[in-house]
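Listed below are the residues making up each chain.
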Amino acid sequence: MTSILAPPPEGSGLKPVRGQPGVPYIGNTLQVMRQPFKVARRRYDQFGPVSWGWLLGQRTVTVQGAEAAEVVLVNRDKAFANGPAWNYFIGPFFHRGIMLLDFEEHLHHRRIMQQAFTRDRLRSYMAAMAPGIKGGLEAWEPGSSFKVYDHIKQLTLDLATDVFMGVELDRVEADRVNGAFIAAVRAGTAYVRYPVPGLRWHKGIQARKVLEAFFRRHLAAKRRDGGDDLFAALCQAETDEGDRFTDDDVVNHMIFALMAAHDTTTITLTTMAYYLAKFPEWQERLRDESLALGKPVLQFDDLDALPSADLVMKEALRLVPPVPALPRRVVKDTSILGHHIPAGSLVVVPQLTNHRMAEWWPDPERFDPERFAAERREDKIHKYAWSPFGGGAHKCIGLHFAGMQVKSILHQVLLRYRWSVPGRYEWPLDTTSLPSPRDGLPVRLDRLEHGS
């Protein structure tokens, strides 16, 4: 049954937001998570770019298309807040991470954090991760059912604990910290949002305690000794005005940054691996570029020397953006494309489905990296047609680090291995949480004779 979210103010000229709310609290949650593309298309055809329904216990306005996304992400009238929206989903586990702060406080923290992502810092991170990538990849065992997602996730977790933390961990401690991150991420999409022992929400809360204790145990040494890792950078970061992070700030930002770094990189690399297996001509094209570079390890000044890798990465981020939806809480009455949005509403920008809208992308389901080539640039149809890193004041502060890490890993993989899938294989993409292959993406992995 169709209903409206709230009547617009009399004389405003605004339209109400229409939708099919379904059962209160549950609403369309299961359908949206399991069949996001089908549900999004149906809603757009029926209600247009702005509609509403129940999602994970919230009255949720979904905005589809680049124009609606721009209104929310640019946030010119400061009506959309990150913190109250993300707090509902991940607040207990990623308390006061940079993405959960708003307005002046967010800008204050962002100015300090930018000191940890300067060009010199990125260069040092890249150099530090190279041996870890080499060691991780050399341990891979070729075979006919090599699960890409599982191995990439382990590698990026290990790199995160090594390069970001700069703390020597034995395998048991590393696995304990990595397991805590996984539990914290999974808790964000729990159906039961109460600490019932054994369920996702409770596991996430316990995981947060593990992570807090870990960082606090090492914080004093990082303050004292410094280092080339992100942990040390956040401890030492200082603006020209002398602003620095408190101990609580460092702990909060480290927990959030490690989650953001390893999950997004894992999803991007797995998506690239899937399409490079499905389209071996592209895999060979990227491998030829890496071979032509003549270096076993990618260096900072080589980042622009792999143009085909850039195209494939952008297309992977279009087809499967690692953060599939961006929520905002409406802090004052506002409007989106002529629709009245009352204060208190939850608004969601669904990047996962927005990136596949035929209204903005020709043949959107097709893997076509050349759409980002200079002579085509299909993403230029609108500034927010392609926005996997968000936009506005909250655009991902680590986007350059992410691209650097993806290319560093991919370069070494291409030099060592070739991988393939059966011709009819289609991966079962699980969208109930962050997008990932339900089967782990099994491939045939072969070691190259000239591998580094």
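- An unreviewed UniProt entry annotates the protein chain as Cytochrome P450 of Actinomadura vinacea.
- The Cofactor (unreviewed entry) field of the UniProt record for the protein chain holds the comment "heme".

Overview of the side chain of Asp 368
Move 1: If you trace the backbone, Asp 368 turns up in the loop between α14 (351-354) and α15 (399-416).
Move 2: The exposure class of Asp 368 is buried, given its relative accessible area of 7%.
Move 3: The contact partners of Asp 368, leaving out residues within four places of it in the chain, are Glu 315 and Arg 376.

Some words on helix α9 (residues 200-225)
Move 1: For α9, which comprises 26 residues, the first-to-last C-alpha distance of 37 Å matches the rise-based estimate of 38 Å (1.5 Å per residue) to within 8%.
Move 2: Helix geometry: α9 is bent most strongly at Leu 219, by close to 40°.
Move 3: Buried residues of α9: Trp 201, Gly 204, Ala 207, Arg 208, Leu 211, Phe 214, Phe 215, Leu 219 and Lys 222, and no others.
Move 4: Residues of α9 that are buried make contact with α4 (83-90), α8 (171-187), α10 (230-236) and α11 (247-278).
Move 5: Two residues or fewer after α9 comes Gly 226, characterised by a positive phi angle close to 70°.

Some thoughts on the environment of Arg 376
Move 1: You can see Arg 376 is positioned in the loop between α14 and α15.
Move 2: In sequence terms Arg 376 and Asp 247 are 129 residues apart; their C-alpha atoms lie 48 Å from each other.
Move 3: Side chain to side chain, Arg 376 and Glu 378 meet in a polar contact 2.6 Å long.

Remarks on the pattern of salt bridges
Between side chains of opposite charge, a pair can form when the charged atoms approach closely.
Move 1: Per the stated rule, a full pass over the model turns up 32 salt bridges.
Move 2: The partner of Asp 301 in a salt bridge is Arg 123, and the shortest N-O contact between them spans 3.3 Å. Of this pair, Asp 301 sits in the loop between α12 (280-293) and α13 (307-319) while Arg 123 sits in helix α6 (residues 119-138); the two residues are 178 residues apart in sequence, bridging distant segments of the chain.
Move 3: For Arg 444, the salt bridge is made with Asp 446, and the minimal N-O distance between the two is 3.2 Å.

The rules behind each value
Residues numbered from 1 in each chain as written. Predicted model: local features only at pLDDT ≥ 70, side-chain atom pairs only at ≥ 80, totals over all residues. Heavy atoms only, no water. UniProt positions renumbered as here; feature names shortened; annotations may be inferred. Helix = DSSP H or I, 4+ residues; strand = E, 2+ residues; numbered from the N terminus. Buried < 20%, exposed > 50% of the residue type's maximum accessible area, 1.4 Å probe, protein only. Contact = heavy atoms within 4.5 Å. Expected span 1.5 Å × (residues − 1). Bend = angle between axes of the 7 residues up to and from the residue. Polar contact = N/O pair within 3.5 Å; in protein donor to acceptor, adjacent residues only side chain to side chain. Salt bridge = Lys/Arg side-chain N within 4 Å of Asp/Glu carboxyl O.

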